[in-house]
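Listed below, chain by chain, are the residues.
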Amino acid sequence: PEGVHVLRDLADARALRAALTEAGSVVVVGGGFLGTEVTAAAAAAGRAVTVVDPLPLPLGVLGDHVSGRIADLHRARGVDLLLGCGVAEVLGGQRATGVRLTDGRIVAADVVLLALGVEPADRWLAGSQLTRDDGIVVDRFLRAADGVLAAGDVARAYHPLYGTHLRIEHWTTAVAHGHLAAKVIVQGPHDGLVPDVPYVWSEQYDVRLSVVGRTAGYEAHVVDRHPDADRFVVAYTDGAGIVRGALTWNWTRALATWRGHVAGCVPLADAT
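Let me begin by describing the structure that accompanies this report. Computed from a predicted structure; not experimentally measured. (Residues numbered from 1 in each chain as written. Predicted model: local features only at pLDDT ≥ 70, side-chain atom pairs only at ≥ 80, totals over all residues. Heavy atoms only, no water.)

Okay, the overall build of the protein chain next. Secondary structure summary: the protein chain contains six helices and 18 strands in total. Here the C-alpha atoms of the protein chain give a radius of gyration of 20 Å, agreeing with the 19 Å that 2.2 N^0.38 yields for 272 residues. Taken over the C-alpha atoms alone, the protein chain extends approximately 55 × 55 × 30 Å along its principal axes. For the protein chain, with 272 residues in total, the buried portion stands at 44%. For the protein chain, long-range pairs separated by at least 24 residues make up 52% of all intrachain contacts whose partners lie at least 6 apart in sequence. For the protein chain, the exposed surface amounts to about 13700 Å²; the carbon and sulfur share of it is 52%. Within the protein chain, one finds 24 positive and 30 negative side-chain charges whose respective centroids are separated by 3 Å. (Helix = DSSP H or I, 4+ residues; strand = E, 2+ residues; numbered from the N terminus. Rg over C-alpha atoms; globule rule 2.2 N^0.38 Å. Buried < 20%, exposed > 50% of the residue type's maximum accessible area, 1.4 Å probe, protein only. Contact = heavy atoms within 4.5 Å. Areas by Shrake-Rupley, 256 points an atom, 1.4 Å probe, with all protein chains shown as cover. Lys, Arg positive; Asp, Glu negative; His and termini not counted. Charge placed at Lys NZ, Arg CZ, Asp CG, Glu CD.)

Quick look at the structure:
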(Lines give C-alpha, C1' and ligand atoms only; values in the text may rest on other atoms or scores of the structure.)
Protein backbone atom coordinates (compact mmCIF):
# COMPACT_ATOMS: atom_id res chain seq x y z
CA PRO A 1 0.00 0.00 0.00
CA GLU A 2 0.92 3.65 -0.31
CA GLY A 3 3.04 4.82 2.58
CA VAL A 4 5.21 1.68 2.70
CA HIS A 5 8.77 2.33 1.58
CA VAL A 6 12.06 0.57 0.94
CA LEU A 7 15.36 2.35 0.43
CA ARG A 8 17.38 0.87 -2.41
CA ASP A 9 18.10 3.65 -4.87
CA LEU A 10 17.85 7.40 -5.49
CA ALA A 11 14.18 7.25 -6.46
CA ASP A 12 13.40 5.45 -3.21
CA ALA A 13 15.34 8.07 -1.24
CA ARG A 14 13.45 10.92 -2.87
CA ALA A 15 10.09 9.24 -2.28
CA LEU A 16 10.93 8.58 1.36
CA ARG A 17 12.13 12.14 1.93
CA ALA A 18 8.91 13.52 0.46
CA ALA A 19 6.83 11.20 2.62
CA LEU A 20 8.72 12.09 5.79
CA THR A 21 8.14 15.78 5.09
CA GLU A 22 4.40 15.24 5.48
CA ALA A 23 4.45 12.44 8.06
CA GLY A 24 3.68 12.78 11.74
CA SER A 25 4.55 9.24 12.77
CA VAL A 26 6.95 6.68 11.32
CA VAL A 27 7.52 2.97 11.87
CA VAL A 28 10.93 1.64 10.90
CA VAL A 29 11.05 -2.14 10.57
CA GLY A 30 14.66 -3.20 11.15
CA GLY A 31 17.32 -1.94 13.53
CA GLY A 32 20.40 -2.27 11.33
CA PHE A 33 22.51 0.51 9.85
CA LEU A 34 19.87 1.65 7.37
CA GLY A 35 17.01 1.53 9.86
CA THR A 36 18.83 3.40 12.62
CA GLU A 37 20.19 6.06 10.26
CA VAL A 38 16.73 6.83 8.87
CA THR A 39 15.38 6.78 12.42
CA ALA A 40 17.94 9.38 13.50
CA ALA A 41 17.12 11.63 10.54
CA ALA A 42 13.36 11.36 11.09
CA ALA A 43 13.58 11.89 14.86
CA ALA A 44 15.90 14.87 14.42
CA ALA A 45 13.28 16.35 12.08
CA GLY A 46 10.64 16.08 14.80
CA ARG A 47 8.82 12.96 13.67
CA ALA A 48 7.50 10.39 16.16
CA VAL A 49 9.47 7.25 15.32
CA THR A 50 9.01 3.64 16.39
CA VAL A 51 11.63 1.00 15.56
CA VAL A 52 10.58 -2.66 15.46
CA ASP A 53 13.20 -5.41 15.45
CA PRO A 54 13.15 -9.06 16.61
CA LEU A 55 16.65 -8.74 18.11
CA PRO A 56 17.15 -7.49 21.68
CA LEU A 57 19.24 -4.47 20.63
CA PRO A 58 19.71 -2.39 17.47
CA LEU A 59 22.92 -2.98 15.50
CA GLY A 60 23.52 -6.14 17.46
CA VAL A 61 26.48 -7.13 15.26
CA LEU A 62 28.50 -4.44 17.05
CA GLY A 63 28.26 -6.09 20.47
CA ASP A 64 26.19 -5.29 23.54
CA HIS A 65 28.19 -2.27 24.68
CA VAL A 66 27.91 -0.37 21.40
CA SER A 67 24.37 -1.60 20.69
CA GLY A 68 23.27 -0.52 24.16
CA ARG A 69 24.75 2.93 23.60
CA ILE A 70 22.94 3.16 20.25
CA ALA A 71 19.65 2.20 21.95
CA ASP A 72 20.19 4.84 24.63
CA LEU A 73 21.04 7.41 21.98
CA HIS A 74 17.72 6.89 20.19
CA ARG A 75 15.62 6.68 23.33
CA ALA A 76 17.09 9.99 24.50
CA ARG A 77 15.68 11.54 21.29
CA GLY A 78 12.21 10.15 21.97
CA VAL A 79 12.38 7.09 19.71
CA ASP A 80 10.26 4.14 20.83
CA LEU A 81 12.26 0.91 20.46
CA LEU A 82 10.04 -2.18 20.30
CA LEU A 83 12.66 -4.92 20.41
CA GLY A 84 12.28 -8.66 20.57
CA CYS A 85 9.23 -8.67 18.31
CA GLY A 86 8.41 -8.46 14.63
CA VAL A 87 5.75 -7.13 12.28
CA ALA A 88 2.93 -9.51 11.39
CA GLU A 89 1.22 -7.23 8.87
CA VAL A 90 0.94 -3.72 7.57
CA LEU A 91 -2.48 -2.24 8.27
CA GLY A 92 -4.63 -0.13 6.00
CA GLY A 93 -6.14 -0.44 2.55
CA GLN A 94 -4.67 1.58 -0.28
CA ARG A 95 -2.67 3.58 2.27
CA ALA A 96 -0.82 2.25 5.29
CA THR A 97 -2.16 3.28 8.68
CA GLY A 98 0.25 1.33 10.86
CA VAL A 99 1.46 -2.17 11.64
CA ARG A 100 0.33 -5.12 13.73
CA LEU A 101 3.16 -6.70 15.71
CA THR A 102 3.68 -10.41 16.20
CA ASP A 103 2.58 -10.01 19.83
CA GLY A 104 -0.72 -8.43 18.74
CA ARG A 105 0.08 -4.79 19.50
CA ILE A 106 -0.86 -2.17 16.91
CA VAL A 107 1.38 0.79 16.15
CA ALA A 108 -0.11 3.63 14.10
CA ALA A 109 2.04 5.29 11.45
CA ASP A 110 1.78 7.51 8.40
CA VAL A 111 4.98 6.06 6.92
CA VAL A 112 6.40 2.53 7.21
CA LEU A 113 9.98 1.84 6.17
CA LEU A 114 11.05 -1.75 5.56
CA ALA A 115 14.78 -1.89 6.33
CA LEU A 116 15.21 -5.64 6.38
CA GLY A 117 18.26 -6.22 4.20
CA VAL A 118 18.39 -7.40 0.61
CA GLU A 119 18.58 -10.53 -1.49
CA PRO A 120 21.16 -10.58 -4.30
CA ALA A 121 19.54 -9.86 -7.67
CA ASP A 122 21.22 -12.78 -9.41
CA ARG A 123 18.29 -14.93 -10.49
CA TRP A 124 18.78 -13.88 -14.09
CA LEU A 125 22.02 -15.88 -13.98
CA ALA A 126 20.22 -19.16 -13.25
CA GLY A 127 21.43 -21.77 -15.71
CA SER A 128 24.74 -20.02 -16.27
CA GLN A 129 28.08 -21.53 -15.30
CA LEU A 130 28.56 -18.94 -12.54
CA THR A 131 28.34 -20.13 -8.94
CA ARG A 132 25.46 -18.55 -7.03
CA ASP A 133 25.37 -18.95 -3.26
CA ASP A 134 24.00 -15.89 -1.44
CA GLY A 135 25.33 -13.84 -4.32
CA ILE A 136 27.79 -14.50 -7.12
CA VAL A 137 30.79 -16.34 -5.70
CA VAL A 138 34.07 -14.76 -6.80
CA ASP A 139 37.73 -15.16 -5.89
CA ARG A 140 39.95 -12.56 -4.22
CA PHE A 141 40.29 -10.81 -7.60
CA LEU A 142 36.49 -10.66 -8.06
CA ARG A 143 36.61 -13.26 -10.85
CA ALA A 144 33.43 -15.27 -11.26
CA ALA A 145 34.73 -17.05 -14.37
CA ASP A 146 37.23 -16.41 -17.14
CA GLY A 147 36.60 -12.88 -18.37
CA VAL A 148 33.77 -12.28 -15.86
CA LEU A 149 34.07 -10.08 -12.78
CA ALA A 150 31.38 -9.32 -10.19
CA ALA A 151 31.51 -6.45 -7.69
CA GLY A 152 29.39 -4.79 -5.04
CA ASP A 153 26.79 -6.34 -2.78
CA VAL A 154 25.85 -8.97 -5.36
CA ALA A 155 29.36 -10.45 -5.08
CA ARG A 156 30.39 -12.89 -2.37
CA ALA A 157 34.11 -12.38 -2.58
CA TYR A 158 36.90 -14.39 -1.00
CA HIS A 159 38.79 -12.24 1.49
CA PRO A 160 42.23 -13.62 2.39
CA LEU A 161 42.27 -11.73 5.70
CA TYR A 162 39.36 -13.85 6.95
CA GLY A 163 39.89 -16.98 4.89
CA THR A 164 36.29 -17.05 3.72
CA HIS A 165 33.85 -15.49 1.26
CA LEU A 166 32.06 -12.32 2.36
CA ARG A 167 29.06 -10.52 0.87
CA ILE A 168 28.97 -7.03 2.38
CA GLU A 169 25.96 -4.74 1.86
CA HIS A 170 27.69 -1.38 2.28
CA TRP A 171 28.37 1.12 -0.49
CA THR A 172 31.94 1.55 0.74
CA THR A 173 32.62 -2.07 -0.25
CA ALA A 174 31.09 -1.46 -3.69
CA VAL A 175 33.50 1.45 -4.19
CA ALA A 176 36.46 -0.66 -3.05
CA HIS A 177 35.39 -3.48 -5.37
CA GLY A 178 35.22 -1.04 -8.28
CA HIS A 179 38.81 0.06 -7.68
CA LEU A 180 39.98 -3.54 -7.39
CA ALA A 181 38.10 -4.65 -10.51
CA ALA A 182 39.66 -1.82 -12.53
CA LYS A 183 43.15 -2.85 -11.41
CA VAL A 184 42.46 -6.49 -12.28
CA ILE A 185 41.29 -5.49 -15.76
CA VAL A 186 44.28 -3.24 -16.40
CA GLN A 187 47.07 -5.10 -14.59
CA GLY A 188 45.78 -8.63 -14.45
CA PRO A 189 45.57 -10.55 -11.16
CA HIS A 190 48.77 -10.56 -9.11
CA ASP A 191 49.80 -10.97 -5.49
CA GLY A 192 50.19 -7.21 -5.02
CA LEU A 193 46.44 -6.72 -5.38
CA VAL A 194 45.12 -7.06 -1.84
CA PRO A 195 41.41 -6.50 -1.07
CA ASP A 196 40.75 -3.56 1.21
CA VAL A 197 39.91 -4.12 4.85
CA PRO A 198 36.08 -3.79 5.01
CA TYR A 199 35.02 -0.35 6.18
CA VAL A 200 31.74 1.38 6.95
CA TRP A 201 30.72 4.51 8.80
CA SER A 202 27.46 5.86 10.14
CA GLU A 203 26.36 9.22 11.52
CA GLN A 204 23.45 9.25 13.96
CA TYR A 205 22.61 12.52 15.71
CA ASP A 206 25.92 13.81 17.07
CA VAL A 207 27.70 10.43 16.98
CA ARG A 208 29.92 9.12 14.22
CA LEU A 209 30.59 5.38 14.16
CA SER A 210 33.45 4.03 12.04
CA VAL A 211 34.02 0.30 11.66
CA VAL A 212 36.96 -1.50 10.04
CA GLY A 213 37.15 -5.24 9.57
CA ARG A 214 34.50 -7.59 10.86
CA THR A 215 32.57 -7.57 14.13
CA ALA A 216 29.93 -10.32 13.99
CA GLY A 217 30.92 -13.44 15.86
CA TYR A 218 33.94 -11.89 17.55
CA GLU A 219 34.49 -10.85 21.16
CA ALA A 220 34.20 -7.10 21.79
CA HIS A 221 36.59 -5.22 24.08
CA VAL A 222 36.44 -1.53 24.98
CA VAL A 223 40.16 -0.79 24.68
CA ASP A 224 40.43 2.98 24.86
CA ARG A 225 38.35 5.85 26.25
CA HIS A 226 38.94 9.55 25.87
CA PRO A 227 39.33 11.12 29.32
CA ASP A 228 37.34 14.27 28.52
CA ALA A 229 34.93 13.43 25.69
CA ASP A 230 32.37 10.83 24.60
CA ARG A 231 34.90 8.87 22.56
CA PHE A 232 36.05 5.27 22.75
CA VAL A 233 37.43 2.39 20.71
CA VAL A 234 36.15 -1.19 20.63
CA ALA A 235 38.35 -4.03 19.36
CA TYR A 236 36.89 -7.32 18.14
CA THR A 237 39.03 -10.41 18.58
CA ASP A 238 38.92 -14.06 17.58
CA GLY A 239 39.57 -16.99 19.88
CA ALA A 240 43.33 -16.52 19.56
CA GLY A 241 43.12 -12.88 20.66
CA ILE A 242 43.84 -11.52 17.16
CA VAL A 243 42.21 -8.19 16.27
CA ARG A 244 39.73 -8.90 13.47
CA GLY A 245 37.78 -5.65 13.60
CA ALA A 246 37.58 -2.30 15.37
CA LEU A 247 35.04 0.44 15.96
CA THR A 248 35.61 4.07 16.86
CA TRP A 249 32.87 6.10 18.55
CA ASN A 250 33.37 9.80 17.76
CA TRP A 251 37.10 9.12 17.40
CA THR A 252 37.86 8.94 13.69
CA ARG A 253 41.47 9.98 14.27
CA ALA A 254 42.11 6.61 15.93
CA LEU A 255 40.77 4.68 12.94
CA ALA A 256 43.96 4.48 10.87
CA THR A 257 45.89 2.86 13.72
CA TRP A 258 43.26 0.23 14.25
CA ARG A 259 42.87 -0.40 10.52
CA GLY A 260 46.57 -1.28 10.58
CA HIS A 261 46.06 -3.64 13.52
CA VAL A 262 43.24 -5.42 11.65
CA ALA A 263 45.17 -5.64 8.38
CA GLY A 264 48.24 -6.92 10.21
CA CYS A 265 46.33 -9.51 12.28
CA VAL A 266 47.89 -8.00 15.40
CA PRO A 267 47.23 -9.65 18.77
CA LEU A 268 45.16 -7.43 21.05
CA ALA A 269 47.88 -7.64 23.70
CA ASP A 270 50.28 -5.95 21.26
CA ALA A 271 47.74 -3.39 20.03
CA THR A 272 46.98 -1.79 23.40
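This part is about a nonpolar patch on the surface. Side chains of Leu-149, Ile-185 and Val-186 sit close together on the surface and give an oily, nonpolar patch of about 320 Å² of accessible area. By the secondary structure assignment, Leu-149 is in strand E11 (residues 148–149). (Patch = residues over 30% accessible without salt bridge, like charges linked within 9 Å, V, L, I, M, F, W, Y side chains within 5 Å. Salt bridge = Lys/Arg side-chain N within 4 Å of Asp/Glu carboxyl O.)

Turning our attention to the pattern of salt bridges. In the structure shown here, the tally under the stated rule is 13 salt bridges. We note a salt bridge from Arg-95 to Glu-2, for which the minimum N-O separation is 3.1 Å. In this pair, Arg-95 is assigned in the loop between strand E5 (87–92) and strand E6 (96–101) and Glu-2 in the segment before strand E1 (4–5), connecting sequence segments 93 residues apart. According to the relative accessible area criterion, Glu-2 is exposed, its value standing at 53%.

Moving on to the nonpolar core. Counting residues in hydrophobic clusters, the biggest one holds 18 residues, and the most contacted among them are Val-212, Val-243, Trp-258 and Val-262. Put simply, the parts of the chain that give this core at least two residues each are strand E17 (232–237), strand E18 (243–249), helix H5 (255–263) and helix H6 (268–271). Among the elements that line this core, the one with the most residues is H5, at three residues. When residues no more than four places from it in sequence are discounted, the contact partners of Val-212 are Val-197, Pro-198, Tyr-199, Gly-245, Ala-246, Leu-255, Trp-258, Arg-259 and Val-262. Core analysis: the second largest hydrophobic core is formed by 17 residues, Ala-19, Ala-42, Val-49 and Ala-115 among them. (Core = buried A, V, L, I, M, F, W, Y, C linked by side-chain atoms within 4.5 Å.)

Time to look at helix H4 (residues 171–187). In a regular helix each residue adds 1.5 Å, so 17 residues correspond to 24 Å; H4 covers 24 Å between its end C-alpha atoms and thus fits that length. Those residues of H4 that are buried lie in contact with E11, strand E12 (155–159) and strand E14 (199–204). After H4 finishes, the residue Gly-188 shows a positive phi value of roughly 80 degrees. (Expected span 1.5 Å × (residues − 1).)

Bringing the packing of aromatic side chains into the picture now. Tallying each qualifying case throughout the model produces two aromatic pairs. Taken together, a centroid distance of 6.5 Å and an interplanar angle of 85 degrees make the contact between Trp-171 and Trp-201 edge-to-face. Here Trp-171 is found in helix H4, whereas its partner Trp-201 is found in strand E14, with 30 residues between them in sequence. Residue classification places Trp-171 among the exposed positions, given a relative accessible area of 58%. The exposure class assigned to Trp-201 is partly exposed, which follows from its relative accessible area of 30%. (Phe/Tyr/Trp six-rings, centres within 6.5 Å; stacked < 30°, edge-to-face > 60°.)

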